[in-house]
Amino acid sequence: MTTPQAPSGQELAELRQRYRQERERRVRPDGARQYRVADAGFGYWAADPYAGEVPAREPLRDTVDVAVVGGGFGGILAGARLRQRGVERVRIVEKGGDFGGTWYWNRYPGVHCDVESHVYLPMLDETGYVPEWKYAPGEEIRRHAVRIAERFDLYPDALFSTTVTSLTWDESAEVWIVATDRGDEFRATYVVTATGTLSEPKLPGIPGIEDFEGHTFHTSRWDYAYTGGGPDGGLTGLAGKRVGVVGTGATGVQVVPMLAEDAGHVYVFQRTPSTVDVRANRRTGAEEVGAGRDGWARERRENFLRVVSGEPAEQDLVADAWTESAGLLEKLLPSFRRDGDRAAFEAAYEAADAAKMNALRTRVERAVTDPEVAEKLKPWYRYACKRPTFSDLYYPAFNRDNVTLVDTADTHGLERVTRDGVVVGGTAYALDCLIFATGFSVGVSGVVSGRLPVHGRGGVQLLHAWAERGPRTLHGFTSHGFPNLIQLGSLQNAASVNFTHVLDEQAVHAAALVAAAEAAGA
Ligand code: NAP
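The structure contained in this document is the topic of the report that follows. Keep in mind the model is a prediction, meaning the values are calculated, not measured.

Each value, and the rule that gives it
Residues numbered from 1 in each chain as written. Predicted model: local features only at pLDDT ≥ 70, side-chain atom pairs only at ≥ 80, totals over all residues. Heavy atoms only, no water. Helix = DSSP H or I, 4+ residues; strand = E, 2+ residues; numbered from the N terminus. Rg over C-alpha atoms; globule rule 2.2 N^0.38 Å. Buried < 20%, exposed > 50% of the residue type's maximum accessible area, 1.4 Å probe, protein only. Contact = heavy atoms within 4.5 Å. Lys, Arg positive; Asp, Glu negative; His and termini not counted. Charge placed at Lys NZ, Arg CZ, Asp CG, Glu CD. Axes fitted to C-alpha atoms, helices over the stretch in contact; angles between N-to-C directions. Parallel < 35°, antiparallel > 145°, perpendicular 65-115°, else oblique. Left-handed = near helix turned anticlockwise from the far one by under 90°. Nonpolar A, V, L, I, M, F, W, Y, C, P; charged D, E, K, R; others polar. Near = heavy atom within 4 Å. Polar contact = N/O pair within 3.5 Å; in protein donor to acceptor, adjacent residues only side chain to side chain. Areas by Shrake-Rupley, 256 points an atom, 1.4 Å probe, with all protein chains shown as cover. Domains from an automatic or database assignment. Salt bridge = Lys/Arg side-chain N within 4 Å of Asp/Glu carboxyl O. Phe/Tyr/Trp six-rings, centres within 6.5 Å; stacked < 30°, edge-to-face > 60°. Pairing = 2+ DSSP bridges. Right-handed = clockwise from strand over helix to strand, strands pointing away. Expected span 1.5 Å × (residues − 1).

### A short note on the overall build of the protein chain
The number of helices and strands found in the protein chain is 15 helices and 19 strands. Computed over the C-alpha atoms, the radius of gyration of the protein chain is 24 Å, within 12% of the 24 Å expected from 2.2 N^0.38 for a compact globule of 522 residues. Among the 522 residues that make up the protein chain, the fraction classed as buried is 52%. Residue pairs at least 24 apart in sequence account for 69% of intrachain contacts in the protein chain once pairs closer than 6 positions are excluded. Charge separation in the protein chain, taken as the distance between the mean sites of 58 positive and 70 negative side-chain charges, equals 3 Å.

Below, the structure is given as structure tokens:
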């Protein structure tokens, strides 16, 4: 790890103290209980604004080879890899009106992926597609999901606007019975779950949130009928309107500059500032990324993984702020290469972290003209305490007259929502529109949340089987007593900042398991 301009011992001690103080300003005793999820008597927040009218259909009672729960990249890749293994009846069941998962739901203005498109978009080698930009807009990624689904013929058997409500192993017939909210009860020899880790939108449990009489929505359910425009901007419906945005994570950072272009006035309600590193998005030619050569995308993806995981790599092909901060991603990707002097490692790590965070704080000072505003935008924690974000548009937005930053750290977030707006620190902000960029329940989707009950051998429920000693899986994929059930995702499985890479490796493995079981007649 490099240690540019390592801070002195005195500076490090001061930083430690400052980080502790800033943490105490924000931490809440209610922890994750401070949030509400959309299905707790609050369902309208989660309604699908993109599906249009959902056509009625007869419930299904047939049998397929593999049922895949979830039509995001995990499910699509499972389908594609199963097809490559010659599996015929693959039925993907998806809550949304089409394939795409995260990229189906998140269509907010400014939506982009912050991992380089050439490593993030899966199956580029197989589809021949070459992204145009270093960081792809969401719509391009969504279309790529559709491209893979079309290429591997996943549409004919797919069920959209359908939620799987239970999975039950029928011991006599040795099949899974898949029940859905559309009355289906079909059978599947295998089930692959790919329900995502960040798919349940959450809202702050702020008093009065239901009383607001203006317009309101979550960023993952963007209401273009109200705002006008599209993901590229042109939000003409917001002209002259007072718009509040709650949340300054990766979504807030992308949305705020777009709102600032068109809204009458934007109030950004911040609790914890993100780190906002250099974006430097640009068009990339096919030649630059070596597209066309056999296996070019795989090579690039694996190179990115090696670099961000601190593995030896001859060159850094992606060369961006992720790879530049590689040595500081220990919290996300522990390398376990800590043999040797542990104390020396920790000291070098802390110094490198402080140098990086100082550079990010200097970036705020340089970009934001009002020193008071700049001070509030500075992040005071160690790198990757909050998921790093990247933008060259976010800080300049605060130099505009129509953007106001409202710091809510001392009140632990918004205090109250009223009929007309919100209250912070006793000050009322009147709003026409209140947008929640407040993220998603973390890691609790589907199986692990209990919202998708799974009954295995002897009718045992998966969460009950895990209740005493925690989740027990073989490498995250399979669990004893739950035959032919393969789970994709991050539970006891591999991690990377490039999540589609993880999902694709898992999909290849899932397809290999099914193929091996079939070949053995198991
Ligand atoms: P998020 O990271 O969970 O951020 C939620 C934001 O809402 C935080 O700033 C949080 O503040 C704030 N908040 C929550 N309750 C609040 C309250 N009561 N008052 C004031 N503020 C409140 O959500 P996100 O930005 O939608 O991101 C979700 C996930 O998607 C993340 O993993 C993110 O990295 C990922 N993402 C990725 C990309 C990409 O380009 N790859 C783009 C967008 C999102 P605190 O920090 O203080 O809790």
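Having put the structure on the table, let's press on.
### Brief notes about the packing of helix H2 (residues 73-84) against helix H6 (residues 138-151)
Relative placement of two packed helices is described by the angle separating their axes and the distance separating the axes. Two elements in contact, H2 and H6, have axes whose closest approach is 9 Å; the angle formed by their N-to-C orientations is 25°. Between H2 and H6, the crossing angle belongs to the class labelled roughly parallel. Where H2 crosses over H6, the two elements pack in a sense that is left-handed. The segment H2 lies against H6, with Phe73, Ile76 and Ala80 engaging Ile141, Ala145, Ile148 and Ala149. Its residues placed into classes, the contact of H2 with H6 shows seven nonpolar, no polar and no charged.

### Brief notes about the site of the ligand
Close contacts around the ligand come from 25 residues, with Asp114, Thr251, Arg271, Thr272 and Lys386 the closest. Arg271 places a polar side-chain atom, nitrogen or oxygen, 2.8 Å from an oxygen atom of the ligand. In this structure, a nitrogen atom belonging to the ligand sits 3.1 Å away from a main-chain N or O atom of Leu414. In the complex, the protein chains occlude 84% of the 910 Å² of accessible area that the ligand would expose alone. Among the elements that line the shell around the ligand, the one with the most residues is helix H8 (residues 250-262), at three residues. In terms of residue class, the shell around the ligand is made up of ten nonpolar, eleven polar and four charged. Both domain 1 (9-37 + 202-279 + 341-436) and domain 2 (63-199 + 442-520) contribute no fewer than three residues apiece to the shell around the ligand.

### Things to note about the packing of helix H9 (residues 296-308) against helix H15 (residues 499-520)
Where H9 contacts H15, the axes come no closer than 11 Å and their chain directions differ by 115°. The hand of the H9/H15 crossing is left-handed. Residue-level contacts link Arg298, Arg301, Glu302 and Leu305 of H9 to His501, Asp504 and Glu505 of H15. Class assignment for the residues of the contact of H9 with H15 results in one nonpolar, one polar and five charged.

### Quick look at the pattern of salt bridges
Going through the model one piece at a time under the given rule, you end up with 38 salt bridges. With a closest N to O distance of 3.1 Å, Arg293 and Glu299 form a salt bridge. A residue is classified by how much of its surface remains accessible, and Arg293, at 45% relative accessible area, is partly exposed. Residue Arg363 pairs with Asp392 through a salt bridge whose shortest N-O separation is 2.8 Å. Taken together, the residues span a long stretch of sequence, with Arg363 in helix H11 (residues 342-367) and Asp392 in the loop between strand S12 (389-390) and helix H13 (394-397) at a distance of 29 residues. A single network of salt bridges, built from pairs that share partners, joins Arg18, Glu22, Arg25, Arg26, Asp407 and Asp410.

### A short note on unusual backbone geometry
Despite not being glycine, Ala280 has its phi angle at roughly 50°, a positive value. One non-glycine residue, His475, lies in positive phi territory at about 55°. Within the fold, His475 resides in the loop between helix H14 (462-467) and strand S19 (485-487). Residue class for His475 comes out exposed when judged on its relative accessible area of 60%.

### Considering the packing of aromatic side chains
The geometry of two aromatic rings is summed up by the distance between their centres and the angle between their planes. Throughout the structure, instances matching the rule amount to 15 aromatic pairs. Summarising the aromatic geometry, the rings of Tyr155 and Phe160 are spaced 5.8 Å apart at their centres and angled 50° between planes, so their arrangement reads as tilted. You can call Tyr155 partly exposed: its relative accessible area is 26%. Judged by relative accessible area, Phe160 falls into the buried class, the value being 17%. Between the aromatic rings of Phe269 and Tyr429, the centroid separation amounts to 5.6 Å while the plane-to-plane angle is 80°, which identifies the pairing as edge-to-face. Here Tyr429 lies in strand S16 (residues 427-430) and Phe269 lies in strand S10 (residues 265-270), a separation of 160 residues in the sequence.

### Examining the sheet that holds strand S14 (residues 416-417)
Pairing is antiparallel across the open sheet formed by three strands, whose spatial order is S14-S15-S16. Pairing within the sheet leaves two strands with one partner each, and these edge strands are S14 and S16. In this sheet, S16 lies alongside strand S15 (residues 421-424) in antiparallel orientation, the contact comprising four bridges. Residue pairing across strands places Val424 opposite Thr427, the latter belonging to S16.

### Details of the side chain of Thr438
Mapped onto the secondary structure, Thr438 falls in the loop between strand S17 (433-436) and strand S18 (454-455). Of the polar contacts made by the side chain of Thr438, one reaches the backbone oxygen of Lys202; its length is 2.8 Å. In contact with Thr438, other than residues within four places in its own chain, are Lys202, Leu203, Pro204, His218 and Val246.

### As for the pairing of strand S9 (residues 242-246)
Counting buried positions along S9 yields four of five residues, so the element is predominantly enclosed. Examined bridge by bridge, S9 and S10 share five bridges and lie parallel to one another. Bridge pairing in S10 places Arg242 opposite His265. The parallel pair S9 and S10 is bridged by H8, and the resulting crossover is right-handed.

### Here's the deal with H6
The first and last C-alpha atoms of H6 sit 20 Å apart over 14 residues, in line with the 20 Å expected at 1.5 Å per residue. Those residues of H6 that fall on the buried side of the exposure criterion are Gly138, Glu140, Ile141, Arg142, His144, Ala145, Val146, Ile148 and Ala149. The secondary structure elements touched by the buried residues of H6 are H2, helix H3 (102-105), helix H4 (117-120) and helix H5 (124-127).

### Considerations on the sheet that holds S9
Within a sheet, each strand pairs with its neighbour through backbone hydrogen bonds, oriented either parallel or antiparallel. Strand order in this open sheet of five strands is S8-S17-S9-S10-S13, and the pairing throughout is parallel. Edge strands, defined here as strands with exactly one partner in the open sheet, are strand S8 (215-218) and strand S13 (403-407). The sheet shows a mean angle of 15° between the axes of neighbouring strands, direction not considered. Sheet topology places S9 next to S17; four bridges connect them, and they run parallel. Within S17, the residue paired with Val246 across the bridge is Phe436. Contacts from H8 reach S9, S10, S13 and S17, with the element oriented near 160° to S10.

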